[in-house]
Amino acid sequence: MNTISSISAFHRLLSLPEPKHPLVSVINLSESIFLEDEVWKGFVNRFYCVALKREVKGKIRYGQQHYDYDKGVLSFTAPNQVQYLDLQNMECGSGYLLIFHEDFLLKHPLANTISGFGFFSYAVNEALHLSEDEENNLIEILQKIDEECQYIDRHTQEIILSQIELLLSYSNRFYERQFITRKNNNHQLLVKFERFLNNYFDDEQSAEKGLLTVHQIAESMNLSPNYLSDFLRIHTGQNTQQHIHEKLINKAKEKLSNTDLSVSEIAYILGFEHSQSFSTLFKKKTKMSPLEFRQSFN
């Protein structure tokens, strides 16, 4: 796997001069020419990237469905994620790339909080779509970052990172807005999610496949785990793992109250390798052990 380890190396691959700052850069896509290089067939980099691509035309794949958009598209990637770029079918259009090396965050609070922005883990097809006004607001921030890159002194890091934090906060707001406004598609996702949970436990697949994981559900819905959890948290108040636990406990209650199966047998049916793990989770969620719950029905 190829590695793009520096901002300078990335600039060279885009036929650009050396960056103003070694650890952060705002790239104008209209001035970039992607070199024909094997690196694009599979690579990881050491920096965060926020891509604001303007004048995007045609259908955009978003989650499970396609949507028509002719507005801007904002997408995010984090360091060490495998990426592929098909130069033969790529239309750069216009827009900007904000890239900043992971080392640029050292000794700054953003180094600890940036992982809280779930969209850095989203797949490209889960990009954020913006109105023209929203695009222009973010472009103003990018321009301020670009201007500040020419001043490398003891204030540079703080000023640039404060602008990056502002950009990420706006993006967070826009993502939440996007979740809420996609009512019809959101309803379909919620129905599909609930159906998957019900089918998994009703068919007792967990006895053979083990405990259901967030990754399994997200993969079945063609979504990233972080995106699915953010979506569910906004619409239901619970993330994916909490929904799994809730379904597990409800199924356990059914079997404890309606069957003569032992606690170990119920744990196995629900996918637990060790019955003690099941008992611990059950007591944590209900304040009673499985046997105490069963006895309350007798």
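Residues numbered from 1 in each chain as written. Predicted model: local features only at pLDDT ≥ 70, side-chain atom pairs only at ≥ 80, totals over all residues. Heavy atoms only, no water.

Section: the overall build of the protein chain
So, step 1. On a plain count of helices and strands, the protein chain comes out with twelve helices and nine strands.
So, step 2. A buried classification covers 47% of the 298 residues belonging to the protein chain.
So, step 3. If you take every contact in the protein chain between residues at least 6 apart in sequence, the share linking residues at least 24 apart comes to 73%.
So, step 4. Accessible surface, the protein chain as shown: approximately 15,900 Å² in total, 47% of it carbon and sulfur. (Helix = DSSP H or I, 4+ residues; strand = E, 2+ residues; numbered from the N terminus. Buried < 20%, exposed > 50% of the residue type's maximum accessible area, 1.4 Å probe, protein only. Contact = heavy atoms within 4.5 Å. Areas by Shrake-Rupley, 256 points an atom, 1.4 Å probe, with all protein chains shown as cover.)

Some words on the pattern of salt bridges
So, step 1. If you walk through the whole model with that rule in mind, you get six salt bridges.
So, step 2. As a salt-bridge pair, Arg12 and Glu18 come within 3.5 Å of each other at their nearest N and O atoms.
So, step 3. The partly exposed category is assigned to Arg12, whose relative accessible area is 48%.
So, step 4. Here Glu194 ties to Lys247 by a salt bridge, and the two come within 3.3 Å at their closest N and O atoms. Note that Glu194 is positioned in helix H5 (residues 183-202) and Lys247 in helix H9 (residues 240-258), a separation of 53 residues in sequence. (Salt bridge = Lys/Arg side-chain N within 4 Å of Asp/Glu carboxyl O.)

Focus on the packing of H9 against helix H11 (residues 275-286)
So, step 1. Their axes nearest at 10 Å, the elements H9 and H11 cross at an angle of 100°. As summarised for this structure, H9 and H11 are arranged roughly perpendicular, according to the angle between their axes. Contact residues: His245, Leu248, Ile249, Ala252, Lys253 and Leu256 in H9; Phe278, Leu281, Phe282, Lys285 and Thr286 in H11.
So, step 2. Residues belonging to the contact of H9 with H11 are distributed by class as follows: seven nonpolar, two polar and two charged. (Axes fitted to C-alpha atoms, helices over the stretch in contact; angles between N-to-C directions. Parallel < 35°, antiparallel > 145°, perpendicular 65-115°, else oblique. Nonpolar A, V, L, I, M, F, W, Y, C, P; charged D, E, K, R; others polar.)

Focus: the packing of aromatic side chains
So, step 1. The final tally for this structure, using the stated rule, is nine aromatic pairs.
So, step 2. When the centroid spacing of 6.1 Å and the interplanar angle of 45° are considered together, the rings of Phe76 and Tyr175 count as tilted. Residue Phe76 is found in strand S7 (residues 72-77), and its partner Tyr175 is found in helix H4 (residues 156-181); the two are separated by 99 residues along the sequence. Grouping residues by exposure puts Phe76 and Tyr175 together as buried.
So, step 3. With a centroid separation of 5.9 Å and 55° between ring planes, the pair formed by Phe278 and Phe282 is classed as tilted. Taken as a pair, Phe278 and Phe282 lie in helix H11 at a separation of four residues, close to a single helical turn. Considered together, Phe278 and Phe282 belong to a single accessibility category, that of buried residues.
So, step 4. Every member of this aromatic cluster is reached through a ring pair, and the members are Phe272, Phe278, Phe282 and Phe293. (Phe/Tyr/Trp six-rings, centres within 6.5 Å; stacked < 30°, edge-to-face > 60°.)

Notes on the side chain of Lys251
So, step 1. By secondary structure assignment, the location of Lys251 is in helix H9.
So, step 2. Here Lys251 falls in the buried class, since its relative accessible area comes to 12%.
So, step 3. In this structure, Lys251 is in contact with Phe201, Asp202 and Leu270, ignoring residues within four places of it in sequence.

Re the side chain of Gln163
So, step 1. With respect to the helices, strands and loops of the structure, Gln163 is situated in helix H4.
So, step 2. On the basis of relative accessible area, Gln163 is assigned to the buried category, the value being 17%.
So, step 3. Residues within four places of Gln163 in sequence aside, it is in contact with Ile141, Lys144 and Ile145.

Function-wise, these values are silent; they only describe arrangement.
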